[in-house]
Amino acid sequence: MKHLLGIDALDKDAILAILDRAEFYVRALQEKDWDRERLRHKLILHLFFENSTRTLISFEMAAKRLGAEVVNWDLETSSLSKGENFLDTIDTLCAMKPDAIVMRHSEYGAPLVVAKRAPCPVINGGDSWREHPTQALLDALTMRRHFGTLEGLCVAIVGDIAHSRVASSNIELLTRMGAHVRVIAPEILMPEKLPAEGVEKFSSLEMGLPGADVIMTLRLQKERMDTALIASDTAYFNEYGLTTAIVDRFAPKAMIMDPGPLVRGLQMSDDLAEDPARSLILKQVANGIPTRMAVLDMLVGD
Ligand code: NCD
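This is a predicted model, so every value here is computed, not measured.

Caption draft 1: Highlighting the nonpolar core. Counting residues in each nonpolar core, the largest one holds 86 residues, and the members touching the most others are Leu 173 and Ile 215. Mapped onto the domain boundaries, this core takes at least three residues apiece from domain 1 (7–130 + 287–300) and domain 2 (133–284). Leaving out residues up to four positions away in the same chain, Leu 173 has contacts with Ile 7, Ile 15, Ala 136, Leu 137, Ala 140 and Leu 150. Counting residues in each nonpolar core, the second largest holds 16 residues, with Trp 73, Leu 93, Ala 110 and Val 122 among its members.

Right, here's the structure in full:
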């Protein structure tokens, strides 16, 4: 593995190897015992063309926990605002010879373009609605840690499936690892084609939730909608928002996940998001660090 551009390029063994390495770092972080110099003298360039809280900070903390240094490129102050084009910016930054690039971009496949020109590993921190591989890996680690295995798990993904890179990467990873995946969305947010076979489509919570072990909600990705596809947030919440009452009724044993950012009152009710017995949301965030440590270790370490 030279780059991490998407789950699409990983087979079951490669996914397992990353998850096992991430598990190693979960324990190492708990015991405060790991090689803090593993990436000493490595310089990692963060190229985030889209906003981020979790992914950016998590990559930075993971890099620093391994002794690497991080340079954060800033779109606002970059020469792109002076008229330089994207590829010239990339070639300029690559000429400075970073040891790795972690990037996020709104254009479909942008990290693939950069990987062809870069002198170093490129890690996709999310591109367009295509892929967000480290999110799917940290979600998988969270599920595997909670349930012991991904094999046979029933995961219902609810929300804006059409515009979500988190949905795409999760669908690919989970089906490859033997989980059953369902997607639940209004027709307008349900893509015709999904990135894997065998995924069941539902248009209501009532039909899609029974039997789910995990319910994963997704934000309405309004920045990727050409027009307002959803008439009102309230109407959406009334039909697709998760509440304690709905989970109690249709999938009482299910655990709740969301990649964040959580838009209060849109994906789920506050009490559900904060229910420690049901919500894995902050565990997902925490697992982002060992997952990204594993990826950096495997791709950037000598
Ligand atoms: C997601 C993203 O940016 O793709 N967030 C994340 O990385 N944790 C999901 C989103 O923006 O809704």
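So much for the structure itself; the text now carries on.
Caption draft 2: The sheet that holds strand 2 (residues 69–73), seen in detail. Pairing within the open sheet is parallel, and its 4 strands lie in the order 2-1-3-4. Only two strands of the sheet have a single partner each, and these edge strands are strand 2 and strand 4 (122–127). Averaged over all pairs of adjacent strands, the angle between their axes in this sheet comes to 15°, without regard to strand direction. The pairing of strand 1 (residues 43–48) with strand 2 spans 5 bridges and is classified as parallel. Its bridge partner lying in strand 2, Ile 44 is registered against Val 70. Along the sheet, helix 4 (residues 110–117) contacts strand 3 (100–105) and strand 4; its crossing angle with strand 4, the most-contacted strand, is approximately 165°.

Caption draft 3: Looking closely at the domain arrangement of the protein chain. As assigned here, the protein chain comprises domain 1 (7–130 + 287–300) and domain 2 (133–284). The centre of domain 1, based on its C-alpha atoms, is set 25 Å off from the matching centre of domain 2. Tallying the contact residues gives 33 residues for domain 1 and 29 residues for domain 2. Interface area, domain 1 with domain 2, both sides summed: about 2500 Å², of which 57% is carbon and sulfur. Of all residues in domain 1, the largest losses of buried area upon contact with domain 2 belong to Ile 7, Leu 19 and Asn 287, amounting jointly to 28% of the total for that side. Here domain 1 and domain 2 share 14 residue pairs in polar contact (both at pLDDT 80 or more) between them. At the level of elements, helix 1 (12–31), helix 2 (54–65), strand 3, strand 4 and helix 11 (281–300) are the ones that each hand at least two residues to the side of domain 1 that touches domain 2.

Caption draft 4: Expanded view of the packing of helix 2 against helix 11. Contact geometry for helix 2 and helix 11: axes closest at 8 Å, N-to-C directions at 55°. One element, helix 2, and the other, helix 11, form an angle in the oblique class. Between helix 2 and helix 11 the crossing geometry is right-handed. Within the contact between the two elements, helix 2 uses Arg 54, Thr 55, Ser 58, Phe 59, Met 61, Ala 62, Ala 63 and Arg 65 and helix 11 uses Val 285, Gly 288, Ile 289, Arg 292, Met 293 and Leu 296. Residue composition of the contact of helix 2 with helix 11, by class: 8 nonpolar, 3 polar and 3 charged.

Caption draft 5: Here's a closer look at the site of the ligand. Taken together, Arg 54, Thr 55, Arg 104, His 132, Gln 135, Arg 165, Val 166, Arg 219, Gln 221, Pro 259, Gly 260 and Pro 261 form the complete shell of residues around the ligand. Contact between the ligand and Gln 221: an oxygen atom at 3.0 Å from a side-chain N or O atom of the residue. For the ligand, a nitrogen atom lies 2.9 Å from a polar atom in the backbone of Gly 260. Isolated, the ligand exposes 320 Å² of accessible area, and the fraction of that covered by the protein chains is 94%.

Caption draft 6: Here's a closer look at unusual backbone geometry. Gly 260 connects to Pro 261 through a cis peptide bond whose omega is 0°. As for its position among the elements, Pro 261 is in the loop between strand 9 (255–257) and helix 10 (270–273). With a phi angle near 70°, His 41 is a residue other than glycine that sits in the positive phi range. Positionally, His 41 belongs in the loop between helix 1 and strand 1. Look at Ser 128: it is not a glycine, yet its phi comes out positive at around 40°. Along the chain, Ser 128 falls in the loop between strand 4 and helix 5 (133–147).

Here is what the cut-offs are and how they apply
Residues numbered from 1 in each chain as written. Predicted model: local features only at pLDDT ≥ 70, side-chain atom pairs only at ≥ 80, totals over all residues. Heavy atoms only, no water. Core = buried A, V, L, I, M, F, W, Y, C linked by side-chain atoms within 4.5 Å. Buried < 20%, exposed > 50% of the residue type's maximum accessible area, 1.4 Å probe, protein only. Domains from an automatic or database assignment. Contact = heavy atoms within 4.5 Å. Pairing = 2+ DSSP bridges. Helix = DSSP H or I, 4+ residues; strand = E, 2+ residues; numbered from the N terminus. Axes fitted to C-alpha atoms, helices over the stretch in contact; angles between N-to-C directions. Buried area = accessible area lost by both parts, 1.4 Å probe. Polar contact = N/O pair within 3.5 Å; in protein donor to acceptor, adjacent residues only side chain to side chain. Parallel < 35°, antiparallel > 145°, perpendicular 65-115°, else oblique. Left-handed = near helix turned anticlockwise from the far one by under 90°. Nonpolar A, V, L, I, M, F, W, Y, C, P; charged D, E, K, R; others polar. Near = heavy atom within 4 Å. Areas by Shrake-Rupley, 256 points an atom, 1.4 Å probe, with all protein chains shown as cover.

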